[in-house]
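Each chain, letter by letter, is given below.
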Amino acid sequence: MAKRSGVDKATAARSEFPEWVEPMAATLTQERFTGVEWTFERKFDGIRLIAFKQGADVRLYSRTRNAKQLPEIAAAIAALPVQDAILDGELTWDSGELAYHVFDVVWIDGRDVARLTLAERQQLLRALPLVAPLHRVVALDVAEPWERARVEGWEGVIAKRLDSPYEERRSRHWLKMKCEIVHDFVVGGFTDPQGGRVGFGALLVGYFEGDDFVFAGKVGTGFDTTLLTDLRARFDVMEVEKTPFTKATGLPRVRAHWVRPEVVVHVAFIEWTVHTKLRHSRLLGIRADRQALSVVRQGIERQGAGVVRDAWESA
């Protein structure tokens, strides 16, 4: 679960303008939540850009400290009515037009503000007169920001704690909620539960490809205790001695049990890995209305810029 408690006390502020600031990075999460201590922003599908302004001199870097030559962006930053500043944001292209979406300020007018809270830094950022191609990232004032991202075709949303300082590392005070791919899969096995978990550890799922039953990966989250125990009871009467997967790269070698491939599950996941396995999967539900043999992979259809819709053949 996401840490919802207060943040740690920040370290001392810098006294001199830094040559480099390590960009604060968000942690990927599968949670979906809101709260008064959090603010939500659109996750842009571009490249991270850190801007260093000292008088008329502007340096632009990627998150890996590669210098970027972007004269239009640099000129707009140089024109800001502050002596020096460090801005953080995302660079995008739309129909050939560059845009710098600024979401944070780390230094301004001789002052290190990284140790201020995000809410305080946002107030400083709102005071800057940003004009195109500079754009201030605004908070999403909706009940379910991740649903807004899905509808709009965005890559996802970023949840940020309003009381957090700017941390030069990956942090759980910024959480990345990416839009998910939603598909059906067929259960071919399960693993033993570990620790205090009941029922089973994870489902081993796949899809049909001609005469083959292809292993797609594990699904280990999205279950409550009732579902874990109910499914385990169901699997116990379906268990078989050998794996039903005929294409099975990456199958667990220990603590695995096999079942007849009959149960269809509805699953959300972030992406396919390079080895065609599910990344960050979670169970959405059981598809009692589908026949297992109808679940085949037909590819991925994208609607908008970042939403991936169900592209499995319907029963």
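Residues numbered from 1 in each chain as written. Predicted model: local features only at pLDDT ≥ 70, side-chain atom pairs only at ≥ 80, totals over all residues. Heavy atoms only, no water.

The residue V295 is located in the loop between β19 (282-286) and β20 (301-303) in this model. Distance in space between the C-alpha atoms of V295 and F185 is 6.4 Å, their sequence separation being 110 residues. (Helix = DSSP H or I, 4+ residues; strand = E, 2+ residues; numbered from the N terminus.)

All right, on to the sheet that holds strand β1 (residues 25-28) then. Spatially, β1-β10-β9-β2 is the arrangement adopted by the 4 strands of the open sheet, whose pairing is mixed. Edge positions in the sheet fall to β1 and β2 (38-43), since each of these pairs with one other strand and no more. Across the sheet, the mean angle from the axis of one strand to that of its neighbour is 40 degrees, orientation sign disregarded. Where β1 and strand β10 (residues 170-178) come together, 4 bridges link them in parallel fashion. Bridging across to β10, L28 finds its partner in K176. (Pairing = 2+ DSSP bridges. Axes fitted to C-alpha atoms, helices over the stretch in contact; angles between N-to-C directions.)

For soluble globular proteins, nonpolar side chains are generally found buried alongside one another. Within the largest apolar cluster, 36 residues are counted, with the highest numbers of intra-cluster contacts made by F185, L203, F235, V265 and L278. Among the secondary structure elements, those contributing two or more residues to this core are β11 (181-191), β12 (203-209), β13 (212-219), α4 (225-236), β15 (256-259) and β16 (264-269). The residues contacting V265, other than those within four sequence positions of it, are H183, D184, F185, V187, L203, V205, L283, G285, I286 and R287. Residues A74, L87, L91 and L128 belong to the second largest nonpolar core, which totals 25 residues. (Core = buried A, V, L, I, M, F, W, Y, C linked by side-chain atoms within 4.5 Å. Buried < 20%, exposed > 50% of the residue type's maximum accessible area, 1.4 Å probe, protein only. Contact = heavy atoms within 4.5 Å.)

Before going further, it helps to examine the layout of surface pockets. The space that makes up the largest pocket amounts to roughly 590 Å³. Considering the residues around the largest pocket, the lining is formed by 24 residues, among which A26, K43, R48, E90 and K176 are closest to the centre. Looking at the lining of the largest pocket, the elements that each hand over two or more residues are β1, β2, β3 (47-54), β9 (156-161) and β10. If one sorts the elements of the lining of the largest pocket by residue count, β10 sits on top with 4 residues. Per-class residue counts for the lining of the largest pocket are 10 nonpolar, 1 polar and 13 charged. (1 Å grid on protein atoms, 1.4 Å probe; cavity = no way out; pocket = protein on both sides within 12 Å on 5 of 7 lines; lining within 4 Å. Points joined across faces, edges and corners; volume = space filled by probe spheres on them. Nonpolar A, V, L, I, M, F, W, Y, C, P; charged D, E, K, R; others polar.)

Glancing now at the side chain of T92. Checked against the element boundaries, T92 lands in strand β5 (residues 84-94). Only 2.8 Å separates the side chain of T92 from the side chain of H101, close enough to count as a polar contact. In this view, T92 contacts F44, D45, G46, E97, L98, A99 and H101; residues no more than four positions away in its chain are not counted. (Polar contact = N/O pair within 3.5 Å; in protein donor to acceptor, adjacent residues only side chain to side chain.)

Keep in mind that these numbers describe shape and distance, not what the molecule does.
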